[in-house]
Amino acid sequence: MSVALKIADITRRFGATVAVDGVTLEVESGEIFALVGPDGAGKTTLMRLLCGALAPDGGSATVDGIDVVSDPERVQGAVGYMPQRFSLYPDLSVMENLRFYGNIFGIPQADFEARASSLLAEFALADFAERLAEALSGGMKQKLALACTLIHRPSTILLDEPTAGVDPVSRREFWRLLYRINRSGTTIFASTPYMDEAERAHRVAFMSGGKIASVGTPSELKTGLHGEIVEIRCARYRDARRALHGVPTVRSVEMFGDALHALVSSAAETIPDFRQRLHEAGIEDAVFRAVPPSLEDAFVARLTA
């Protein structure tokens, strides 16, 4: 399998802040790779380094064999980059935005018409070709941004939290588009704040403090969790969380939807202790059960290790 992204010890500083700290990573051609991390982890900076928008302070990277350090302009013309913020022109129509990006990438007019028509049809935007970008819904704006990212037919696309702030239905539709794009052979490297999206990737990297904490398939990351997860449901979950902190066998206690997830050495051994501690705290309605670890559990465990 060929390598689409090859990153070796790449570093970027902003004054005293090390935004990307010696990251080494490889993404295979044709792979969907998700980058997950909290705000400030360095995800956007890494994306901007890979698309040639920023120069690294150290290390190296290639995208589809193009050296990011020595040939950033060529990288910018070869890859597709979709930034986190909506970067299209609100006072231009859908088609005008596509045409603008077609001109940037030097696409001949005859080729542009065919590509634009195909993308508009695939992304269900054909009926809105003359609508101003500012009048589109959030999900439609993201689809337009993706269409502009693909207009020059890049073999690798970099997507920086492409569905942030988009409603769940539009997010699912967006990922269905990504799957179709990926089936054509396009490599997708996407950062996301959503664990359900990371689950859809072939491989995932956890990033924190400018470093890569762990890499693997979603299954590998979950099964690599050392310990078991106890789910606790009760009315006073905040009080329950405070009561369970400090238990020697507990590595972390975090909110998970409308429940608590506690990472422990042994669920069978710990649940009786939990029950007693919550009883002492006046919490009598707690229900406990061991559950399989989620990708979010694995992520939290890495950050709190």
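Here the structure is shown first, and the text comes after it.
Residues numbered from 1 in each chain as written. Predicted model: local features only at pLDDT ≥ 70, side-chain atom pairs only at ≥ 80, totals over all residues. Heavy atoms only, no water.

Colleague: Explanation requested: the pattern of salt bridges in the structure shown.
Modeller: Pairing is possible between side chains of opposite charge, provided their charged atoms come close. Across all of its chains, the model carries 17 salt bridges by this definition. Of the charged contacts in the structure, one is a salt bridge between Asp196 and Arg171, with a shortest N-O distance of 3.3 Å. A residue pair is termed long-range when its members are at least 10 positions apart, and Asp196 in helix H7 (residues 195-198) and Arg171 in helix H6 (residues 168-183) qualify at 25 residues. A residue is classified by how much of its surface remains accessible, and Arg171, at 12% relative accessible area, is buried. A salt bridge links Glu231 to Arg289, with the nearest nitrogen and oxygen atoms 2.8 Å apart. Of the two residues, Glu231 sits in strand E11 (residues 228-233) while Arg289 sits in strand E14 (residues 287-291), which places them 58 residues apart along the sequence. The exposure class assigned to Glu231 is buried, which follows from its relative accessible area of 7%. By relative accessible area, Arg289 is classed as partly exposed at 46%. (Salt bridge = Lys/Arg side-chain N within 4 Å of Asp/Glu carboxyl O. Helix = DSSP H or I, 4+ residues; strand = E, 2+ residues; numbered from the N terminus. Buried < 20%, exposed > 50% of the residue type's maximum accessible area, 1.4 Å probe, protein only.)

Colleague: Help me out: how do you make sense of the pairing of strand E12 (residues 250-256) in this one?
Modeller: Looking along a regular strand, one sees the side chains alternate between the two faces of the sheet. Judged from the 6 bridges that link them, E12 and strand E13 (residues 259-264) form a sheet pairing that is antiparallel. Counted as the bridge partner of Ser252 is Leu263 from E13. Counting the residues that bridge the hairpin from E12 to E13 gives 2 residues, and of these Gly257 lies at a positive phi of roughly 65°. (Pairing = 2+ DSSP bridges.)

Colleague: Can you walk me through the packing of helix H3 (residues 94-104) against helix H5 (residues 138-150) in this structure?
Modeller: At a minimum axis distance of 9 Å, the contact between H3 and H5 shows a crossing angle of 25°. Between H3 and H5, the crossing angle belongs to the class labelled roughly parallel. Two packed elements cross with a definite hand, and for H3 against H5 that hand is right-handed. Residues Val94, Asn97, Leu98 and Tyr101 of H3 form the contact with H5, whose own contacting residues are Leu144, Ala147 and Cys148. The residue inventory of the contact of H3 with H5, partitioned by class, reads 6 nonpolar, 1 polar and no charged. (Axes fitted to C-alpha atoms, helices over the stretch in contact; angles between N-to-C directions. Parallel < 35°, antiparallel > 145°, perpendicular 65-115°, else oblique. Left-handed = near helix turned anticlockwise from the far one by under 90°. Contact = heavy atoms within 4.5 Å. Nonpolar A, V, L, I, M, F, W, Y, C, P; charged D, E, K, R; others polar.)

Colleague: Quick question: what am I supposed to make of H6 here?
Modeller: Given 3.6 residues per turn, any residue in an α-helix points the same way as the ones three and four places further on. Over its 16 residues, H6 runs 23 Å from end to end, which matches the ideal 22 Å to within 8%, given 1.5 Å per residue. Every buried residue of H6 is accounted for by Ser170, Arg171, Phe174, Trp175, Leu177, Leu178, Ile181 and Asn182. Taken around the axis of H6, the buried residues stretch over an arc of 155°, which confines them to a single face. Along H6, exposed side chains directed more than 90 degrees from the buried face belong to Val169 and Arg183. Two or three places before Val169, at the opening of H6, Asp167 has a side-chain oxygen 3.1 Å from that residue's backbone nitrogen. (Expected span 1.5 Å × (residues − 1). Arc of directions from axis to C-beta. Polar contact = N/O pair within 3.5 Å; in protein donor to acceptor, adjacent residues only side chain to side chain.)

Colleague: Please clarify how empty space enclosed by the protein should be interpreted in this entry.
Modeller: By rolling a water-sized probe across the atoms, one finds the places where empty space is left. Considering all chains together, one arrives at 1 cavity of 30 Å³ or more under this definition. Taken as a whole, the largest cavity holds about 80 Å³ of empty space. Along the walls of the largest cavity sit 13 residues, with Ser252, Glu254, His261, Asp297 and Val300 positioned nearest its centre. Elements represented by at least two residues in the lining of the largest cavity include exactly E12, E13 and helix H11 (295-304). When the residues that make up the lining of the largest cavity are grouped by side-chain class, the tally is 8 nonpolar, 2 polar and 3 charged. (1 Å grid on protein atoms, 1.4 Å probe; cavity = no way out; pocket = protein on both sides within 12 Å on 5 of 7 lines; lining within 4 Å. Points joined across faces, edges and corners; volume = space filled by probe spheres on them.)

Colleague: When you look at the sheet that holds strand E2 (residues 17-28) in this model, what are you seeing that I'm missing?
Modeller: The strands making up a sheet associate through hydrogen bonds between their backbones, and the pairing can be parallel or antiparallel. Strand order in the open sheet made by the 4 strands is E2-E1-E4-E5, with antiparallel pairing throughout. Since the sheet does not close on itself, it has two edges, and those belong to E2 and strand E5 (66-67), each with one partner. The pairing of strand E1 (residues 3-14) with E2 spans 8 bridges and is antiparallel. Residue pairing across strands places Phe14 opposite Thr17, the latter belonging to E2. Where helix H1 (residues 43-50) meets the sheet, it contacts E1, E2 and strand E4 (58-63), and its direction lies at approximately 120° from that of E1.

Colleague: Explain the packing of H5 against H6 to me, please; I cannot follow it from the model alone.
Modeller: To describe two helices that pack against each other, one gives the angle between their axes and the distance between the axes. One can describe the packing of H5 onto H6 by two numbers: an axis separation of 9 Å at closest approach and a directional angle of 20°. One way to sum up the angle between H5 and H6 is to call them roughly parallel. For the pair H5 and H6, the crossing hand works out as right-handed. Side by side, H5 and H6 meet where Gly139, Gln142, Lys143, Leu146 and Leu150 of the first sit next to Ser170, Glu173, Phe174, Leu177, Leu178 and Ile181 of the second. When grouped by side-chain class, the residues that make up the contact of H5 with H6 number 6 nonpolar, 3 polar and 2 charged.

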